[in-house]
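Chains, contacts and geometry: an overview
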Amino acid sequence: MPTPPILTPEQRAAALGKATAARQLRALIKAQVKSGDLTLDAVFLLAQSDQAIAKMRVAELLESVSGVGKVRAQSVMERLNISPTRRVQGLGSIQRRSLREEFSQPSSLRQGKLIVLSGPGGVGKSTIAKELRKRNEFWVSISATTREPRAQEVDGVDYYFYTEEEFDSAVKADLFLEWAQFAGARYGTARQPVEDALRLGKSVLLEIDIEGAKQVKAHAPQSLLVFLAPPTWEELVSRLEGRGTDSPERRTARLTLAQEELAQASFFDQSVINDDVERVVAHLIGLATQ
Ligand code: 5GP
């Protein structure tokens, strides 16, 4: 085994000082990239004359761009054939150019993508939306509804729980991008926050029913409608029956509706089978970053 170099106390202090300075410089670079004061291009330039910047991991650098999370950074690197451990100094000129193009527009000029996730009740849309909400890749809309909150549901987190009157006034004031009746209750997506997020360059995810999805497509043809399908019909039935939070009448209504909803998959831009939450989440993030 090679013996480690023996350093004098002075040499060790100097090495430690150098390492700390490099760390601080990288932290400063990341903060400036995050605030938009420094472009990736500028970082690539600085890396030519500074070893601490040259040795920075590309993934770490990309994740410091405002609005870019781990998953987006990974997916962009994969697409550009950049290995996950690559350092800035190891980037080829084509890779640098692609990264520059990918991230150079200020987010305020790049419209976010509007992705609508729909599918039969019970297929697991809300689990996917919850997962996506935890990450930083999407702005996930919180709907308004007139249905009663279920146990554990929190107003302003899961839904905005509206009275019938409140919902009526919101409809009258044209505050909804779309709204629909579902199993005896009304559900709607507030228009303003969606438009604001898109304008700021953030991709938006709407987790809504099929009628609502159609309305969104009619108003925003650039939106991408994704149909979430169950692995099998039996799986969907068992999920709906195992819910235990609905009355028997509501469950029967949901099953009938689910059959009709499944028949509408062809209306969507694409269909994804919900057999693995992580896979579906990664797929949706991939769509937002394409
Ligand atoms: P749940 O009551 O189980 O939370 O939701 C019932 C259905 O309403 C689900 O299919 C869900 O996707 C849909 N939904 C939730 N929010 C909205 C919304 O804002 N608009 C529309 N059209 N449907 C929604």
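Our subject is the structure that appears above.
Residues numbered from 1 in each chain as written. Predicted model: local features only at pLDDT ≥ 70, side-chain atom pairs only at ≥ 80, totals over all residues. Heavy atoms only, no water.

Section: the sheet that holds strand β6 (residues 185-190)
Spatially, the four strands line up as an open sheet ordered β4-β3-β6-β5, and their pairing is mixed. Looking at the sheet topology across the chains shown, the edges are occupied by β4 (160-161) and β5 (176-182). With two bridges joining them, strand β3 (residues 144-145) and β4 adopt parallel strand pairing. Note on β4: the bridge partner recorded for T145 is F161. Where helix α9 (residues 191-199) meets the sheet, its contacts fall on β5 and β6, and the angle it forms with β6 comes to roughly 35 degrees. (Pairing = 2+ DSSP bridges. Helix = DSSP H or I, 4+ residues; strand = E, 2+ residues; numbered from the N terminus. Contact = heavy atoms within 4.5 Å. Axes fitted to C-alpha atoms, helices over the stretch in contact; angles between N-to-C directions.)

What to know about the packing of aromatic side chains
All told, the structure shown has eight aromatic pairs when counted by the stated rule. For the pair F227 and F268, a centre-to-centre distance of 5.1 Å together with 70 degrees between the ring planes defines the contact as edge-to-face. Here F227, found in strand β8 (residues 224-229), pairs with F268, found in the loop between α12 (248-262) and β9 (270-273); they are 41 residues apart in sequence, far enough to count as distant. A single burial state applies to F227 and to F268, both of which are buried. Using a relative accessible area of 8% as the deciding quantity, one classes F268 as buried. Through successive ring pairs, a cluster of aromatic residues spans Y159, F161, F182 and Y187. (Phe/Tyr/Trp six-rings, centres within 6.5 Å; stacked < 30°, edge-to-face > 60°. Buried < 20%, exposed > 50% of the residue type's maximum accessible area, 1.4 Å probe, protein only.)

Considering the sheet that holds β8
The strand order across the open sheet built from five strands is β2-β7-β1-β8-β9, with neighbouring strands paired in parallel fashion. The outermost strands of the open sheet, each flanked by one partner alone, are β2 (138-140) and β9. When the angles between neighbouring strand axes are averaged without regard to direction, this sheet yields 30 degrees. With four bridges joining them, strand β1 (residues 114-118) and β8 adopt parallel strand pairing. Counted as the bridge partner of I115 is L224 from β8.

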